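The primary structure of each chain is shown beneath.
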Amino acid sequence: MTILDDKIAAFFRPEILKLNAYHVPSAEEMVKLDAMENPYHWPPEMVEAWLDRLRNIRPNRYPDPQPEHLKHALKIHAKVPENMEILLGNGSDEIIQILLMALAGKPEATVMTPQPTFVMYQQLAVSLGLKCIGVPLQKDFSLDREAMLSALDQYRPQIVFLAYPNNPSGNLFDEKVILEIIDKSPGLVILDEAYAPFAQASFMERLSQFDNLLVMRTLSKLGLAGLRLGFLAGRRAWLEQLDKLRLPYNINVLTQITAEFALANAAVFEQQTAQIRSDRTKMYQQLQNLPQVEVFPSAANFILFRVPDADTVFHKLKQQGILIKNLHPSGGLLTNCLRVTIGTPGENEVFLTALKTALTP
Ligand code: PMP
């Protein structure tokens, strides 16, 4: 240990020293099927019209701190009930951070999630000094109703995060069990509907039914991951308080203009996501035809599957220029599991051919 190591060890909280940074592998020159991105760009005339809009931007000025036009367009796009508000975040990652910041420093503050789920809930909770309880899902990645309800009783969490559909499993949890969880939760329940464009199921309409429910969305999976724009929908009373934790100019001017432009061209994204949904069905069937593969149903733009030796298959795919996500290192239910994002039909074909080779001893 050097003197600098000592200083660093003394500076950071022990839980931060133990954390692993969110790892994003390089995908240069690879078929990139690891991050749930929409693989399609825009028609050339749409790109031209967008570039025209960008000409009007004044980068010397701060962005609008409360872009009402954009918020209105998002509310219409996401069918947010009229009496509900939205709060914008730099990606839904930032919304998660804002929600958790509200609890930081509160004695006994506890957050609960099913396990496995989107890693940022736990990562951000731990980085803010909060306790995060993970309740194991069942073998088929469905919610364990009894375990969830008894953990609610035991830990009385201030926030429960439910990804709907769940990442990395891709399934939609049982609606009735979710309703029971919302009903029995002593604090907030956040329905994270990041994959809504592929799920055709939502709790948005139920916002009026519960005063402890908030629904989170993002434009990332729709096809705008590079913009970093997420939002939280719910009652004004909750959002007013959370807004105090939001940095004043968290949505930059390029994102504001581009998101408004994109939402005015929503038909393009409708068509792209419909294509992805139909290709997901094809990919699912093709994976099911492979005897060594156990494949899990998905309502998202990715598919989770299990193979006899995930590390080997992952590396063999990488050698063939294909990047997917290896979940085997997470262990537990994800042992020998891999997750592939639905790409273009061409990319999916390349992946499936390479997978067959990788599965051959
Ligand atoms: N929620 C879930 C369930 C996710 O899988 C992701 C991204 N993988 C996010 C939220 C974060 O999305 P973003 O920050 O791009 O809005």
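Residues numbered from 1 in each chain as written. Predicted model: local features only at pLDDT ≥ 70, side-chain atom pairs only at ≥ 80, totals over all residues. Heavy atoms only, no water.

Let's shift gears to a nonpolar patch on the surface. Together, Leu4, Ile8, Phe11, Phe12 and Leu17 make up an exposed nonpolar region whose accessible area comes to about 510 Å². No other element matches the three residues that helix 1 (residues 3-11) contributes to the nonpolar patch. Considering the arrangement of structural elements, one finds leucine 4 in helix 1. (Patch = residues over 30% accessible without salt bridge, like charges linked within 9 Å, V, L, I, M, F, W, Y side chains within 5 Å. Areas by Shrake-Rupley, 256 points an atom, 1.4 Å probe, with all protein chains shown as cover. Salt bridge = Lys/Arg side-chain N within 4 Å of Asp/Glu carboxyl O. Helix = DSSP H or I, 4+ residues; strand = E, 2+ residues; numbered from the N terminus.)

Strand order in the open sheet made by the four strands is 9-10-13-12, with antiparallel pairing throughout. The sheet is open, and its two borders are formed by strand 9 (294-295) and strand 12 (325-326), each paired with just one other strand. Sheet analysis places strand 10 (residues 302-306) next to strand 13 (residues 337-341), joined by five bridges and oriented antiparallel. Bridged to arginine 306 within strand 13 is cysteine 337. (Pairing = 2+ DSSP bridges.)

On to the site of the ligand, then. In the vicinity of the ligand there are 14 residues, among which Ser92, Asp192, Tyr195, Thr218 and Ser220 approach most closely. At 2.5 Å from a nitrogen atom of the ligand is found a side-chain nitrogen or oxygen belonging to aspartate 192. Taking lysine 221, its side chain carries an N or O atom lying 3.0 Å from a nitrogen atom of the ligand. For the ligand, whose unbound accessible area comes to 400 Å², protein coverage reaches 93%. Looking at the shell around the ligand, its residues break down into five nonpolar, five polar and four charged. (Near = heavy atom within 4 Å. Polar contact = N/O pair within 3.5 Å; in protein donor to acceptor, adjacent residues only side chain to side chain. Nonpolar A, V, L, I, M, F, W, Y, C, P; charged D, E, K, R; others polar.)

Considered for burial, the residues of helix 3 (residues 44-54) that qualify are Met46, Val47 and Trp50. The arc that holds the buried residues of helix 3, viewed along the axis, is 100°, so those residues lie on one side. Those residues of helix 3 that are exposed and angled more than 90 degrees off the buried face are Pro44 and Glu45. For helix 3, the secondary structure elements touched by its buried residues are helix 12 (253-264) and helix 13 (266-288). (Buried < 20%, exposed > 50% of the residue type's maximum accessible area, 1.4 Å probe, protein only. Arc of directions from axis to C-beta. Contact = heavy atoms within 4.5 Å.)

Within the open sheet, the seven strands sit side by side as 2-8-7-6-5-3-4. Their pairing is mixed. Strand pairing shows two members of the sheet lacking a second neighbour, strand 2 (85-89) and strand 4 (131-136), which therefore form its edges. Across the sheet, the axes of successive neighbouring strands diverge by a mean angle of 25°, strand direction being ignored. In this sheet, strand 5 (residues 159-163) lies alongside strand 3 (residues 110-115) in parallel orientation, the contact comprising two bridges. Its bridge partner lying in strand 5, methionine 112 is registered against valine 160. Contacts from helix 11 (residues 236-243) reach strand 2, strand 6 (188-192), strand 7 (213-218) and strand 8 (230-234), with the element oriented near 25° to strand 2. (Axes fitted to C-alpha atoms, helices over the stretch in contact; angles between N-to-C directions.)

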